[in-house]
Amino acid sequence: MQPLSDSSNPLITAFPAELASDAEAVLAVMPDSRLPPHASFSVAVESQQLLIPGRLYNDEPPTDAVASLSSRQRQLLHCLYSRHCDGVVRQRHLEKVVGSTDPWVVPFVVQLVGEYVLEILVVICDELRDLATPGTCGHVAYGQFIVDNPAFFARTQRRVVSYWSCYYRGTYASFRGYPGCTLLDLLRSAASDRAGHPWPSLTPAGARVDGYC
């Protein structure tokens, strides 16, 4: 099992300090990792700097161990496993938390927007459509996160375009039809409202819309 009570543990620093005891409870049920977490990224959440693992290599814990956790602890576990090296595992755990608007969940979802698994983009696209509605909890939470992390979101925009161009241009000839494009539009809309001005788009221009979204 993972070592506890270590504020420098990358699986504890992925969450705000007030959730450290819950994160420790999650680590207590996680099997030992065959490799250390890889390529952590830093984001600001409610004025705290969090360090989230880019990839996690722990096997999933047994079902009874997960059931022993509180609902908040299970939420943290699902967030961590959304960083798993296996895309199927990432999607399975994402589906458990993507509907949450808790501020510490948001960066895990936005990070997946900038990755390459189409099925995960579709899950997020389906869940976050209410971001287009000003005043909803999601609109506020995601908009504030982007305002607080402009460089992170700029990199996310560039990654969405790069993965579309590399892997999905044959399926979505127009970037406007790609699910990642729809997500970026929703996120920029939320950020624009929070910032009080249009949020910069780093994506290709084009009027033709086709594809999934």
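Everything discussed here concerns the structure shown above.
The rules behind the values
- Residues numbered from 1 in each chain as written.
- Predicted model: local features only at pLDDT ≥ 70, side-chain atom pairs only at ≥ 80, totals over all residues.
- Heavy atoms only, no water.
- Helix = DSSP H or I, 4+ residues; strand = E, 2+ residues; numbered from the N terminus.
- Rg over C-alpha atoms; globule rule 2.2 N^0.38 Å.
- Buried < 20%, exposed > 50% of the residue type's maximum accessible area, 1.4 Å probe, protein only.
- Contact = heavy atoms within 4.5 Å.
- Areas by Shrake-Rupley, 256 points an atom, 1.4 Å probe, with all protein chains shown as cover.
- Pairing = 2+ DSSP bridges.
- Phe/Tyr/Trp six-rings, centres within 6.5 Å; stacked < 30°, edge-to-face > 60°.
- Axes fitted to C-alpha atoms, helices over the stretch in contact; angles between N-to-C directions.
- Parallel < 35°, antiparallel > 145°, perpendicular 65-115°, else oblique.
- Left-handed = near helix turned anticlockwise from the far one by under 90°.
- Nonpolar A, V, L, I, M, F, W, Y, C, P; charged D, E, K, R; others polar.
- Salt bridge = Lys/Arg side-chain N within 4 Å of Asp/Glu carboxyl O.

A. Expanded view of the overall build of the protein chain. When you go through the protein chain residue by residue, the secondary structure sums to nine helices and two strands. In the protein chain, the succession of helices and strands from N to C terminus is α-β-β-α-α-α-α-α-α-α-α. Taken against the 2.2 N^0.38 rule, which gives 17 Å for 213 residues, the C-alpha radius of gyration of the protein chain at 17 Å falls within 12% of a compact globule. Counting only C-alpha atoms and orienting by the principal axes, one finds that the protein chain spans roughly 50 × 35 × 25 Å. Per-residue burial over the protein chain gives 50% buried out of 213 residues. In the protein chain, 70% of the contacts between residues at least 6 apart in sequence involve partners at least 24 apart. Put simply, the protein chain shows about 9,400 Å² of open surface, and 54% of that area lies on carbon and sulfur atoms.

B. Here's a closer look at the environment of Ala67. Of note, Ala67 is situated in helix α2 (residues 63–67). Ala67 sits in the exposed class, given a relative accessible area of 56%. Sequence separation of Ala67 and Ala17 is 50 residues, and the distance between their C-alpha atoms is 24 Å.

C. Summary view of the pairing of strand β1 (residues 41–45). Among the five residues of β1, four are classified as buried, and the element is accordingly described as predominantly covered. Bridge count between β1 and strand β2 (residues 48–52): five bridges; the pairing is antiparallel. Pairing of Phe41 across the sheet is with Ile52, part of β2. Count of turn residues in the β1/β2 antiparallel hairpin: two residues, of which Glu46 carries a positive phi of about 50°.

D. Broad picture of the packing of aromatic side chains. If you walk through the whole model with that rule in mind, you get eleven aromatic pairs. Between Phe15 and Phe108, the aromatic rings sit 5.6 Å apart at their centres with planes inclined by 25°, giving stacked as the arrangement. One end of the pair, Phe15, is in the segment before α1 (20–29); the other, Phe108, is in helix α5 (residues 106–113), with 93 residues separating them in the sequence. With respect to burial, Phe15 and Phe108 carry one shared label: buried. Summarising the aromatic geometry, the rings of Trp164 and Phe175 are spaced 5.1 Å apart at their centres and angled 65° between planes, so their arrangement reads as edge-to-face. Placement of the pair is Trp164 in helix α8 (residues 150–168) and Phe175 in the loop between α8 and α9 (179–195), with a sequence separation of eleven residues. An aromatic cluster of three or more residues is present, and its members are Tyr116, Tyr163, Trp164, Tyr167, Tyr168, Tyr172, Phe175 and Tyr178.

E. Quick peek at the packing of α8 against α9. Interhelical geometry of α8 versus α9 gives an angle of 160° and a closest axis separation of 10 Å. Relative to α9, α8 is oriented roughly antiparallel. Judged by the sense of rotation from one axis to the other, the crossing of α8 with α9 is left-handed. In this structure, α8 contributes Phe153, Thr156, Gln157 and Val160 to the contact, and α9 contributes Gly180, Cys181, Leu184, Leu187 and Arg188. Class assignment for the residues of the contact of α8 with α9 results in five nonpolar, three polar and one charged.

F. Expanded view of the pattern of salt bridges. Here the structure, examined in full by the defined rule, presents eight salt bridges. Arg72 serves as the salt-bridge partner of Asp102, at 3.9 Å between the closest nitrogen and oxygen. Separated by 30 residues along the polypeptide, Asp102 in the loop between α4 (87–97) and α5 and Arg72 in helix α3 (residues 71–81) bring together distant segments of the chain. In this structure Asp102 comes out as partly exposed when scored by relative accessible area, which is 23%. Here Arg72 falls in the partly exposed class, since its relative accessible area comes to 31%. Residues participating in the shared-partner salt-bridge network are Arg55, Arg83, Arg90 and Glu115.

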